[in-house]
Amino acid sequence: MECEQLRDIVQNFRFHPQDAQGYNRVLLQLFGYLGHGKSSFINSCKFVLDGEYKIIAEAGIKDGGLTMERKSYRVTDSITLVDNRGFGFMNDFEKIEIYAQLGNFLPLDETVVWREDFGEIMGRIEDADMDPNYSDYTVPVFIYSVQKMIHTEEESEVKRFLKACQEMTGIVPIVVLTHKTSANYIAMEQKFKCLGAEVVIGVENYTSDDHRKTIEKHMGILNILKNALEDVQFHVNYNRDLRRERIERKKFLLRMVHDSVTAKKQKEDSRSFNPGSNPTERQRGTEKGSSCMIL
Ligand SMILES: Nc1nc2c(ncn2[C@@H]2O[C@H](COP(=O)(O)OP(=O)(O)OP(=O)(O)O)[C@@H](O)[C@H]2O)c(=O)[nH]1
Ligand SMILES: [Mg+2]
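Below or above, wherever it landed, is the structure these notes cover. (Residues numbered from 1 in each chain as written. Chains lettered and ligands numbered in written order. Predicted model: local features only at pLDDT ≥ 70, side-chain atom pairs only at ≥ 80, totals over all residues. Heavy atoms only, no water.)

**A word on the overall build of the protein chain**
From N to C terminus, the protein chain includes nine helices and seven strands. On C-alpha atoms alone, the protein chain measures out to a radius of gyration of 19 Å, which is about the 19 Å that the 2.2 N^0.38 rule sets for 295 residues. For the protein chain, the C-alpha atoms occupy an extent of roughly 65 × 45 × 35 Å along the three principal directions. Among the 295 residues that make up the protein chain, the fraction classed as buried is 49%. Taking as baseline every contact in the protein chain between residues at least 6 positions apart, the subset at least 24 positions apart corresponds to 75%. Total accessible area on the protein chain stands at roughly 14,500 Å², and carbon and sulfur atoms take up 50% of it. (Helix = DSSP H or I, 4+ residues; strand = E, 2+ residues; numbered from the N terminus. Rg over C-alpha atoms; globule rule 2.2 N^0.38 Å. Buried < 20%, exposed > 50% of the residue type's maximum accessible area, 1.4 Å probe, protein only. Contact = heavy atoms within 4.5 Å. Areas by Shrake-Rupley, 256 points an atom, 1.4 Å probe, with all protein chains shown as cover.)

Next up, the structure:
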């Protein structure tokens, strides 16, 4: 398909009133580790759709940590991209925060704080029921740079994480591999497919240093957006019971919180029997030295 045609499809996507079940926008929620290219992906999408390169989502620190807010960017009448704070450690607190975001339990455009406080997040999840959001159709997008390595022992963690994201949205996350041309993309694509990803697409983001238009980069970005819309259309064609789904998601989330609290307590108990033998997850991350590599 030609680039122009693809762009028209993306730009003209609308929910049909008779089958939309009250949806009025697609939220592409980006998540991933620090510095893997989430904000650059938003700037790239905007560039491809509008034709002018502007930095709308601040990007640029090699090891990440720049974006602290979960911020929404409208890119067409029906599509909004949501940038996010990058994971540091992918510990239970960070994961539960992301699951709650994906399940539309938390408001957009707020600073993201990885609080080690399960009671606090449960309070925020309860507050969401004051004004439940049924109009946003969330598509999870996991951004990962091919320049980073997934260690074997971390793979099962990512696999569980992608599965849980599916539980929270009904959609298998689209995996976007950034820095496509700078390392072994094919091996990384295979790896993510083995971890349960259905759609893995490589891109070379446009950046402030290099935003010379290329057909390959344009097509890569547009293909991701088209895939997301096809996923939405596929699911909308099956009438969904949104209220029931929301209840199931809330139960899933609360079970995760419960399991995490239990695991934390067990860890603390075993440490008090055996002091000094068991560093915390946060300390372990620091010892390895590179937070963005730790899953
Ligand atoms: N060559 C190249 N550089 C990229 C690509 N994606 C991102 N970058 C660069 O990588 C760095 C980090 O990119 P960001 O978009 O800020 O990453 P992020 O995931 O938003 O990071 P934080 O929000 O800071 O955690 C920047 O210097 C970008 O210019 C890519 O596909 N190719
Ligand atoms: Mg960012």
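**With respect to the coordination of the magnesium ion (ligand 2)**
Distances from the magnesium ion (ligand 2) to its protein donors, Ser39 (OG) and Thr67 (OG1), fall at 2.0 to 2.1 Å. With a gap of 28 residues between them, serine 39 in helix 2 (residues 38–50) and threonine 67 in the loop between helix 2 and strand 2 (69–74) connect regions that are remote in the sequence. Of the two residues, serine 39 and threonine 67, both sit in the buried class. (Donors = N, O, S within 2.8 Å, 3.2 Å for Na, K, Ca; no water.)

**Some points on the pairing of strand 2**
When strand 2 meets strand 4 (residues 110–111), the two strands line up antiparallel, connected through two bridges. Counterpart to arginine 70 in the pairing with strand 4 is glutamate 110. Sheet topology note: the strand 2/strand 3 (residues 79–83) ladder contains four bridges and is antiparallel. Bridging across to strand 3, serine 72 finds its partner in valine 82. (Pairing = 2+ DSSP bridges.)

**A word on the packing of aromatic side chains**
The relation between two aromatic rings is expressed through the spacing of the ring centres and the mutual angle of the planes. Overall, the coordinates contain 19 aromatic pairs when judged by the stated rule. Both rings, one in phenylalanine 31 and one in phenylalanine 142, keep their centres 5.5 Å apart while their planes meet at 45°; by these two values the pair is tilted. Note that phenylalanine 31 is positioned in strand 1 (residues 25–32) and phenylalanine 142 in strand 5 (residues 136–145), a separation of 111 residues in sequence. Like phenylalanine 142, phenylalanine 31 is buried. Each ring, one from phenylalanine 142 and one from tyrosine 144, has its centre 6.1 Å from the other, and the planes form 35°; the classification is tilted. In this structure, phenylalanine 142 and tyrosine 144 share a single accessibility class: buried. Geometry around tyrosine 185 places lysine 180 over its ring, the cationic atom sitting 5.4 Å from the centre. Positioned over the ring face of tyrosine 134 is arginine 246, at 5.9 Å from the centre of the ring. (Phe/Tyr/Trp six-rings, centres within 6.5 Å; stacked < 30°, edge-to-face > 60°. Lys NZ or Arg CZ within 6 Å of the ring centre and 35° of its normal.)

Function cannot be read off these values alone, since they describe shape.
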